[in-house]
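Examination of the molecular architecture
Listed below are the residues making up each chain.
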Amino acid sequence: MGNQDRGERLASAVEAVGDGDASGWSELHELLHGTAIAVARRDMRMQPAEADDVAQEMWLKLLTRLSQVEEPRALTGWVRTTVRRECLRRKRCVGAGREVPTERLVDEHSTLADPEGAAIRSEERASVRRAVRRLPDQRRRLVELLAADELDYAGIAVAMDMPRGSIGPTRGRVLDGLRNEPELVALR
């Protein structure tokens, strides 16, 4: 299929969607989904499940923006750009120690498989929370911000009004102190 044919098919599909014809979405999917997956897998080196997730994000964005499309023939380029940006966003999240949410699997460590182990882990977490609550305010707040994993060190530095370079050493001292808490030593 030539570029002109593809462009005409994209324009017709967008028009059909605008007219409320669901077959337009099927046509868009046929024309664009393969591109989205190829960019995610080949260009951005995403695993198959990640590529599917990225393509899903692209489709959600297209759904919300399709009525604003002025040049339907340019959608292939938009798909490539959108998929690349989403892949980069996900890689930044993973590279920064953040996880991109995926489906939750039941494994051998779940509460269903090991209720006694789950109860022990629950008590261990409660012990850690009690030890953290006993920390001085500044240190407790630092631990809470680090545990929330919502901010990077630069954001934590602003929130805590402390130099970014002192976060890691302070974190180390706090963790050393927590390791020596009598309640937590008993857990080892």
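If you're wondering where the values come from, they're calculated on a predicted model, not measured in any experiment.

1. Some details on the overall build of the chain
Across its full length, the chain holds nine helices and zero strands. Sorting the 188 residues of the chain into buried and exposed places 30% on the buried side. Counting contacts in the chain only where the partners sit at least 6 residues apart, residues at least 24 apart contribute 52% of the total. When the accessible surface of the chain is split by element, carbon and sulfur atoms take 51% of a total near 12600 Å².

2. Points about the confidence of the model for the chain
Summary statistics for the chain give a mean pLDDT of 83 and a share of 85% for residues scoring 70 or more. Mean pLDDT across the elements of the chain ranges from a minimum in helix 9 (residues 182-185), with 72, to a maximum in helix 2 (residues 23-43), with 93. Low confidence marks residues 103-111, where pLDDT is under 50. Its contacts with residues over four positions away, or in another chain, come to seven contacts.

3. Considerations on the side chain of Thr35
In this structure, Thr35 sits in helix 2. Its relative accessible area of 13% is what places Thr35 among the buried residues. Residues in contact with Thr35, not counting those within four places in the same chain, are Arg6, Thr76, Val79 and Arg80.

4. Digging into the environment of Glu15
Mapped onto the fold, Glu15 is located in helix 1 (residues 3-18). We classify Glu15 as exposed; its relative accessible area is 54%. With 57 residues separating them in the primary sequence, Glu15 and Pro72 have C-alpha atoms 8.9 Å apart.

5. Considerations on the pattern of salt bridges
One pass over the full model with this rule turns up 13 salt bridges. In this structure, the salt-bridge partner of Arg84 is Asp43, at a minimum N-O distance of 3.2 Å. Residue Arg84 is located in helix 4 (residues 75-95), and its partner Asp43 is located in helix 2; the two are separated by 41 residues in the primary sequence. On the accessibility criterion, Arg84 (32% relative accessible area) is partly exposed. Classification of Asp43 as partly exposed rests on a relative accessible area of 30%. With its nearest N and O atoms 2.8 Å apart, the salt bridge here joins Arg89 to Glu86. With Arg89 and Glu86 both in helix 4, this residue pair falls three residues apart, about one helical turn. Since its relative accessible area comes to 4%, Glu86 is described here as buried.

Analysis parameters
Residues numbered from 1 in each chain as written. Predicted model: local features only at pLDDT ≥ 70, side-chain atom pairs only at ≥ 80, totals over all residues. Heavy atoms only, no water. Helix = DSSP H or I, 4+ residues; strand = E, 2+ residues; numbered from the N terminus. Buried < 20%, exposed > 50% of the residue type's maximum accessible area, 1.4 Å probe, protein only. Contact = heavy atoms within 4.5 Å. Areas by Shrake-Rupley, 256 points an atom, 1.4 Å probe, with all protein chains shown as cover. pLDDT = per-residue confidence, 0-100. Salt bridge = Lys/Arg side-chain N within 4 Å of Asp/Glu carboxyl O.

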